[in-house]
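# Structure assessment
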Amino acid sequence: MRKGTQKKHFKSKKKAVNLPKHLEHINKMAAGIDIGSKSHFVAVPEGCDEVCVREFGSFTSDLYALADWLEKCGIETIAMESTGVYWIPLYELLESRGFEVRLVDARHVKNVSGRKTDVMDCQWLQQLHTYGLLSGAFRPKEQTCVLRAYVRQRSMLVQQVAAHIQHMQKALSQMNVQLHNVITDIMGATGMRIIRAIVGGERNPKLLATYRDGRCKNPLAIIEKSLTGNYRDEHVFALKQALELCDVYQSKIETCDDEIEKQLLTFETRKDVTKKGLEKCSKKPKAKNAPSFNLQEHLIRMTGVDLTAVPGIQAYSGLKIISEIGLDFSRWKTSKQFASWLGLCPGNKVSGGKRLGGKTKRVRNRAASTLRMAANTLYRNDSALGAYFRRLKFRLGAPKAITATAHKLAIIIFNMLKNGIEYVEIGQNYYEQQYHERMVKNLSMRAKTLGFELKEISVNSIG
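Let me sum up the structure you'll find in this document. (Residues numbered from 1 in each chain as written. Predicted model: local features only at pLDDT ≥ 70, side-chain atom pairs only at ≥ 80, totals over all residues. Heavy atoms only, no water.)

It is worth spelling out the overall build of the protein chain at this point. Each helix and strand in the protein chain was counted, giving 18 helices and seven strands. Here the C-alpha atoms of the protein chain give a radius of gyration of 31 Å, more than 25% beyond the 23 Å that 2.2 N^0.38 yields for 463 residues. Each principal axis of the C-alpha distribution contributes one length, and for the protein chain these read about 115 × 75 × 45 Å. Looking at the protein chain, you have 73 positive and 45 negative side-chain charges, and the mean spots of the two groups are 10 Å apart. (Helix = DSSP H or I, 4+ residues; strand = E, 2+ residues; numbered from the N terminus. Rg over C-alpha atoms; globule rule 2.2 N^0.38 Å. Lys, Arg positive; Asp, Glu negative; His and termini not counted. Charge placed at Lys NZ, Arg CZ, Asp CG, Glu CD.)

Listed below in structure tokens is the structure:
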């Protein structure tokens, strides 16, 4: 056989080889975008254009040109990194154009062989997405995204108010006005009346003490003694500015509450709520920074269940959770997957048949943070979850107990929202009884394996 015929025969054999399934191109018309603050690098499959990698600026006109180029190349699906907030304008534009856009965590695609450049990053994203190796990050529906933006804006405003309250407290301490030692909250009725009077020019402790609210526990004499201070002009000036800024942010919070209520009204009604129905619902004290409108009524109407019946969950906590995850739970097949996505499950780090660690993965999830805060409030709660939290805190410590209790809260909320099941409190005594029976059963089985028998004795026989 001649050399030429040998080469042709070898080539024909090479073409006949079929690729394994994991090496087949799942997304043939896929593009990868490396997001940046000044420019975006885009990679498309070879043959779509003369240049398969292009750089586009971050201006709006450049984003439109980027979308036009992807349409010209026939791109159907796109993968991009979730870099800061720079991906949001481009994501929204491409999604409105009809592209399937997958937002990818940058930690999942950081292992790029060779020298790391923006060009190689976008090509690596395009290659991984072609083989179907990238999973998109969770992003709720547009209706929930709008609500989430309002709720996050409100949380930011509340944080700013807290900072200016600290400035007010600092100014009072510099004047040696010990108001915080005689009232529980300087932002309450008594505290705000006195602070506004001080800013208005009043310095007489006896007159300032008369602004005491009737519900205040300390008498006038103690409050009057705490209001004797050194009212220097510079400290009063700092107090005045902090108070003015606090009032400004409070007004902005009220405006934000109006927008939140309008957005809540756009959600579908799953359950008609009446006054008699609200009376049967759980009545928890309103949170300090909760919205001014009846939030519990909106949550029951939207979800069809009363989330506030769960120990540790208030109406404002329920709003935060729903604004982050939405009401569509089709993404998660089971409650275990939901809890794992929240980062509330123990890790599974095994190598060589040995368990190396069981720490939970680090996630920046606002819903998980809300559940952790709700779990931390159950220490003095007379419920089954409260008893569970106290037992774990004594045995494992506070961090692990908070995570485990937040995991239980996540499973409860998942079943309530997905299946429309109301929460039924079994009580602390029933939980303690179950725990006691489980311990006795385990001890009896352990005694049996050691050749002993466990018998119950009365308390009188011990004495």
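A surface patch of nonpolar side chains, amounting to about 250 Å² of accessible area, comprises Val440, Leu443 and Leu454. Checked against the element boundaries, leucine 443 lands in helix α17 (residues 428-449). For leucine 443, a relative accessible area of 46% gives the class partly exposed. (Patch = residues over 30% accessible without salt bridge, like charges linked within 9 Å, V, L, I, M, F, W, Y side chains within 5 Å. Areas by Shrake-Rupley, 256 points an atom, 1.4 Å probe, with all protein chains shown as cover. Salt bridge = Lys/Arg side-chain N within 4 Å of Asp/Glu carboxyl O. Buried < 20%, exposed > 50% of the residue type's maximum accessible area, 1.4 Å probe, protein only.)

Before going further, it helps to spend a moment on the nonpolar core. By size, the foremost hydrophobic cluster in this structure holds 81 residues, and its most contacted members are Leu179, Leu227 and Leu371. Listed in part, the 23 residues of the second largest apolar core include Ala31, Phe56, Leu63 and Trp69. (Core = buried A, V, L, I, M, F, W, Y, C linked by side-chain atoms within 4.5 Å.)

This next bit is on the pattern of salt bridges. Think of it this way: side chains of opposite charge can pair up when their charged atoms draw near. Tallied over the entire structure, the rule returns 12 salt bridges. Its salt-bridge partner being glutamate 234, residue arginine 232 comes within 2.5 Å of it at the nearest N-O pair. Classification of arginine 232 by relative accessible area gives partly exposed; the value is 42%. Among the residues examined, glutamate 234 registers a relative accessible area of 38% and is labelled partly exposed.

Turning our eyes to something else, we now look at the packing of aromatic side chains. Under the definition given, this model contains 13 aromatic pairs. Ring geometry for phenylalanine 329 versus phenylalanine 338: centroids 5.8 Å apart, planes at 65°, classification edge-to-face. For phenylalanine 329, a relative accessible area of 4% puts it in the buried group. Ring geometry for phenylalanine 338 against tryptophan 341: centres 6.3 Å apart, planes inclined by 25°, an arrangement best described as stacked. Remark: tryptophan 341 and phenylalanine 338 occur in helix α13 (residues 335-342); sequence separation between them is three residues, near one turn of the helix. Residue phenylalanine 338 is classed as buried on the basis of its relative accessible area, which comes to 2%. We classify tryptophan 341 as partly exposed; its relative accessible area is 24%. Members of the aromatic cluster, each reached through a chain of ring pairs, are Phe138, Phe329, Trp332, Phe338, Trp341 and Phe414. It is arginine 54 that lies over the ring of tryptophan 69; its NZ or CZ is 5.1 Å from the centre. Sitting above the plane of the tyrosine 388 ring, lysine 408 keeps its charged end 4.9 Å from the centroid. (Phe/Tyr/Trp six-rings, centres within 6.5 Å; stacked < 30°, edge-to-face > 60°. Lys NZ or Arg CZ within 6 Å of the ring centre and 35° of its normal.)

On the basis of which strands lie adjacent, the open sheet formed by five strands has the order β3-β2-β1-β4-β5 and mixed pairing. Every other strand in the sheet has two partners, leaving β3 (53-57) and β5 (100-104) as the edge strands with one partner each. Each strand axis lies, on average, 25° off the axis of its neighbour in the sheet, ignoring direction. Here three bridges tie strand β1 (residues 30-34) to strand β2 (residues 39-43), and the two strands are oriented antiparallel to one another. For aspartate 34, the partnering residue across the bridge sits in β2 and is phenylalanine 41. On top of the sheet, helix α4 (residues 118-130) reaches β1, β2, β3, β4 (77-81) and β5; it is set at about 145° to β1, its chief contact. (Pairing = 2+ DSSP bridges. Axes fitted to C-alpha atoms, helices over the stretch in contact; angles between N-to-C directions. Contact = heavy atoms within 4.5 Å.)

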